[in-house]
Amino acid sequence: MCRRGWVARLGAGGLTAGCRPWTPTRCEPLVIFVCATAGQGDPPDNMKNFWRFIFRKNLPPTSLCQMDFAVLGLGDSSYAKFNFVAKKLHRRLLQLGGSALLPACLGDDQHELGPDAAIDPWLHDLWEKVLGLYPVPPDLGVIPPGVPLPSKFTLRFLPEAPKMCSEEQHVAGADPPGPPSEQQPFLAPMVTNQRVTSPSHFQDVRLIEFDITGSGLSFAAGDVVLIRPQNQASHVQQFCRVLGLDPDQFFTLLPREPGVPCPTQLPQPCSVRHLVSHYLDVASVPRRSFFELLACLSPHELEREKLLQFSAPQGQEELYSYCNRPRRTVLEVLCDFPHTAGAVPADYLLDLIPPIRPRAFSIASSLLAHPSRLQILVAVVHYRTRLKEPRRGLCSSWLASLDPGRGPVQVPLWVRPGSLTFPETPDTPVIMVGPGTGVAPFRAAVQERVARGQTGNFLFFGCRWRDQDFYWESEWLELERKGRLTLFTAFSREQERKVYVQHRLRELGPLVWDLLDRRGAYFYLAGNAKGMPADVSEALTSVFREEGGLSGPDAANYLARLQRTMRFQSETWA
Ligand SMILES: Cc1cc2nc3c(=O)[nH]c(=O)nc-3n(C[C@H](O)[C@H](O)[C@H](O)COP(=O)(O)OP(=O)(O)OC[C@H]3O[C@@H](n4cnc5c(N)ncnc54)[C@H](O)[C@@H]3O)c2cc1C
Ligand SMILES: NC(=O)c1ccc[n+]([C@@H]2O[C@H](COP(=O)([O-])OP(=O)(O)OC[C@H]3O[C@@H](n4cnc5c(N)ncnc54)[C@H](OP(=O)(O)O)[C@@H]3O)[C@@H](O)[C@H]2O)c1
Ligand SMILES: Cc1cc2nc3c(=O)[nH]c(=O)nc-3n(C[C@H](O)[C@H](O)[C@H](O)COP(=O)(O)O)c2cc1C
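Remember, predicted model here, so these are calculated numbers, not experimental data. All chains use their own residue numbering, which begins from 1 and follows the written sequence. Labels are handed out in written order, letters beginning with A for the chains and numbers beginning with 1 for the ligands. Totals for whole chains, interfaces and linings use all residues, but because this is a predicted model, local features are given only for residues with pLDDT of at least 70 and pairs of side-chain atoms are given and counted only at 80 or more. Hydrogens and water are ignored here; the side-chain numbers use all heavy atoms of the structure.

1. Focus: the site of ligand 1
Going by this rule: We call a residue near a molecule or strand when any one of its heavy atoms sits within 4 Å of it. Distance and chemistry together define a polar contact, namely a pair of N or O atoms within 3.5 Å, with one atom able to donate a hydrogen and the other to accept it when in protein, and with adjacent residues in sequence counting only for side-chain atoms on both sides. Computed by Shrake-Rupley with a 1.4 Å probe, the accessible areas treat only the displayed protein chains as cover when residues are assessed. For helices the rule is a DSSP run of H or I covering at least 4 residues; for strands it is a run of E covering at least 2, with both sets numbered from the N terminus onward. Just so you know the grouping, Ala, Val, Leu, Ile, Met, Phe, Trp, Tyr, Cys and Pro go in nonpolar, Asp, Glu, Lys and Arg go in charged, and all remaining residues, Gly too, go in polar.
Within the structure, ligand 1 sits among 17 residues, and Arg359, Ala360, Leu377, Cys395 and Ser396 are positioned closest to it. Arg327 is positioned with one of its side-chain polar atoms (N or O) 3.1 Å from an oxygen atom of ligand 1. One of the backbone N or O atoms of Leu394 is found 2.9 Å from an oxygen atom in ligand 1. Bound to the protein, ligand 1 loses 70% of the 990 Å² it would expose on its own. For the shell around ligand 1, the secondary-structure elements that each account for two or more residues are β13 (359–362), β14 (373–379), α13 (394–401) and β22 (568–573). A per-class count over the shell around ligand 1 returns 11 nonpolar, three polar and three charged.

2. Observations concerning helix α5 (residues 233–243)
To keep it simple, the criterion reads: Categorising residues by exposure relies on relative accessible area from a 1.4 Å probe, with only protein chains included: less than 20% of the type maximum marks a residue as buried, more than 50% marks it as exposed, and the intermediate range marks it as partly exposed. Directions pointing from the helix axis toward each C-beta atom define the arc. By definition, residues are in contact when any of their heavy atoms lie within 4.5 Å.
Taken together, the buried positions of α5 are Val236, Phe239, Cys240, Val242 and Leu243. Down the axis, α5 shows its buried residues gathered within 165 degrees of arc, on one side only. Exposed positions of α5 whose direction lies more than 90 degrees from the buried face are Ala233 and Arg241. The elements touched by buried residues of α5 are α6 (272–279), α10 (330–336), α11 (338–341) and α12 (349–352).

3. With respect to the side chain of Arg359
Condition: Counted as positive: Lys and Arg. Counted as negative: Asp and Glu. His and the chain ends are not counted at all. Salt bridges are counted wherever a side-chain nitrogen of Lys or Arg sits within 4 Å of a carboxyl oxygen of Asp or Glu.
Secondary-structure assignment places Arg359 in strand β13. Buried within the structure, Arg359 lacks any salt-bridge partner; Asp281 is the closest side chain of opposite charge, at an N-O distance of 4.7 Å. A polar side-chain atom of Arg359 sits 2.7 Å from the main-chain carbonyl oxygen of Arg357. When neighbours within four sequence positions are excluded, Arg359 is seen to be in contact with Val225, Leu226, Ile227, Pro229, Leu394 and Cys395.

4. Some details on helix α3 (residues 116–133)
Residues that lie three or four places apart on an α-helix share one face, since the helix turns once every 3.6 residues. We count it as follows: Any helix carries an expected span of 1.5 Å times its number of residues minus one.
The end-to-end C-alpha distance of α3 is 25 Å, a good match for the 26 Å that 18 residues give at a rise of 1.5 Å each. Taken as a whole, α3 has its buried residues at Ile119, Trp122, Leu126 and Val130.

5. Here's the deal with the UniProt feature "binding site: NADP(+)" (unreviewed entry) in the chain
Using the following cut-off: UniProt positions are given in the numbering used here, feature names are shortened, and annotations may be inferred rather than shown by experiment.
The sites that carry the UniProt feature "binding site: NADP(+)" (unreviewed entry) are, in the present numbering, Thr437, Ser492, Arg493, Lys498, Val499, Tyr500, Val501, Gln502 and Asp535. Within the secondary structure layout, Lys498 lies in the loop between β20 (486–491) and α16 (501–507). Not counting residues within four places of it along the chain, the set of residues in contact with Lys498 comprises Ser492, Arg493 and His503. Take Tyr500: it is sitting in the loop between β20 and α16. Setting aside residues no more than four positions away along its own chain, Tyr500 makes contact with Ala490 and Ser492.

This is the structure we're talking about:
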């Protein structure tokens with residue numbers, strides 16, 4: 001299921017579901033909204049039109065008085081605005097006269113069992129209500145568990161490879177109509193891929209530069225580049241072996257129902273190798289729905305029994321320790337269930353395995369300092385669990401593996417606005433707090449502001465050791481020397497007690513208060529979502545109390561006002 005801004009309609013014509021903008025041309029009797037929260041409590045991109053529409057001031061309060069609804073939220077309680085979109089949408093629908101079948105469901109990525117922990121009981125109650133209102137017609141039965149729905153697509157295999165290579169044509173694309181996008185990314189030549197942490201440091205971090213000449217791409221400080229990674233060649237081979245697929249065979253993809261679009265990322269015809277390397281996310285940790293469908297498709301009694309156990313609500317603890325805790329991948333699970341894997345009909349591949357998601361990276365360079373170039377700072381995800389093989393992040397490891405020194409390398413990418421925007425006025429100060437790779441967007445901002453002659457650039461940077469992971473040290477020091485930047489550092493592991501950016505903020509309380517309260521400074525925060533944003537906000541409110549003499553509630557209100565007026569902005573990632 002596409003989970004962003006998803007709308008299911010149960011109308012006279014039956015149930016239709018899709019990932020499309022919703023415009024109530026007529027009042028639907030029952031609507032189920034499924035919505036994630038993105039950014040800092042923002043609606044996801046594909047929900048933004050709907051969001052603007054539903055919050056129009058001129059909508060009468062009786063607009064939805066004929067409509068029953070339910071809201072399923074997908075969020076993460078490590079973010080300050082947990083499931084904000086679902087909660088706000090629920091309130092707005094009530095305001096417009098809708099009747100809520102249930103309280104909003106607040107799925108939480110942080111829960112041990114994932115969002116299912118909240119969704120399972122909620123769905124149970126939802127179906128009870130829905131079937132009470134709309135009983136299944138007597139001539140139709142409920143599809144019993146264990147019977148798969150028809151696949152969304154069929155794969156029609158071709159007897160031989162096409163003469164023209166559709167994949168190369170597809171990737172190169174015809175003249176793109178506008179700037180590069182998810183549908184038509186730009187194949188950016190990678191210029192450099194340089195490790196910027198010392199070789200002895202545990203964390204591999206890369207500064208990667210792309211040449212974007214002729215791409216039509218344009219960006220400003222705070223924008224984000226999206227990159228669609230590929231699976232490792234060895235994983236592609238292993239997947240094909242376990243499923244009994246020939247990677248060199250070509251197929252055309254046909255939707256089973258009219259009007260269902262084929263994924264734009266796939267050429268037609270497409271090889272199995274291309275499908276697996278570019279589209280199927282075999283390196284992701286499978287969700288419960290994967291086990292449900294796999295169980296339906298399994299011809300092997302023992303394997304089916306185990307898969308059914310993992311699919312059942314009572315099996316979730318066991319599924320968690322088998323799959324989520326050790327971060328076992330789709331491919332590894334398929335290897336553990338070889339009889340089932342070997343029997344998966346190719347038609348079901350796109351139902352079973354989700355598409356590879358693009359990954360976002362804060363752009364770390366400014367076009368004013370590096371024309372026709374785009375740089376990113378990438379922390380390579382690599383960690384161990386109880387499984388023998390170390391876990392590797394798909395995109396960061398793929399990027400790290402590319403070596404432009406050995407031959408041309410191209411990476412499909414496009415750009416979108418991020419959460420951070422910087423003031424245009426020449427002398428409005430900016431306080432930027434970016435520990436670790438969180439400093440990336442501030443490198444772009446500092447370059448842009450220095451090139452424009454904007455003053456008042458204050459950067460708080462934190463890392464572990466000065467000589468191991470101090471990104472762009474010489475650039476910052478040079479700018480300091482020229483009087484264009486004021487830098488404060490926190491080297492967390494150079495002394496017994498941890499020193500973080502928030503400690504520096506507290507120490508520099510009088511300056512921070514003066515900049516914010518008297519000089520109208522903007523405050524920015526970027527980096528790891530875990531712990532740091534809450535700690536930095538706490539440090540800020542303590543500065544407001546200590547230096548501004550504000551009471552606890554007044555300090556919280558002061559911070560809230562900075563947020564409302566965009567003078568406190570953050571971009572954090574888990
Ligand atoms: C707006 C935005 C800007 C970003 N900017 C940057 C940036 O400038 N630089 C940057 O490096 N990243 C940035 N990121 C993060 C980036 O998008 C990717 O999430 C990151 O590179 C990891 O992707 P991956 O494909 O390598 O890892 P994946 O294959 O997606 O694996 C990552 C997942 O592995 C799990 N994981 C990771 N470490 C551990 C661990 N130690 N223990 C257990 N589980 C773990 C977590 O579930 C994590 O979500 C940004 C993200 C966003 C949303
Ligand atoms: N989820 C995690 O717990 C975790 C931990 C490490 C790395 N990572 C991942 O590793 C990659 C690299 O991360 P990164 O180097 O960009 O940043 P980072 O891991 O966040 O570390 C950057 C600096 O921030 C410090 N830090 C840790 N907790 C903090 C807090 N609550 N407040 C302020 N500073 C804090 C770190 O110190 P210390 O490390 O000395 O405490 C370090 O000096 C990312 O992919 C990140 O997600 C994740
Ligand atoms: C960049 C980013 C920002 C997020 N911001 C929030 C947030 O403010 N509140 C929240 O509850 N969840 C937040 N989340 C968590 C997502 O809502 C959650 O992971 C959801 O399951 C994502 O659904 P999707 O995979 O369909 O995008 C954020 C996730 C990311 C990656």
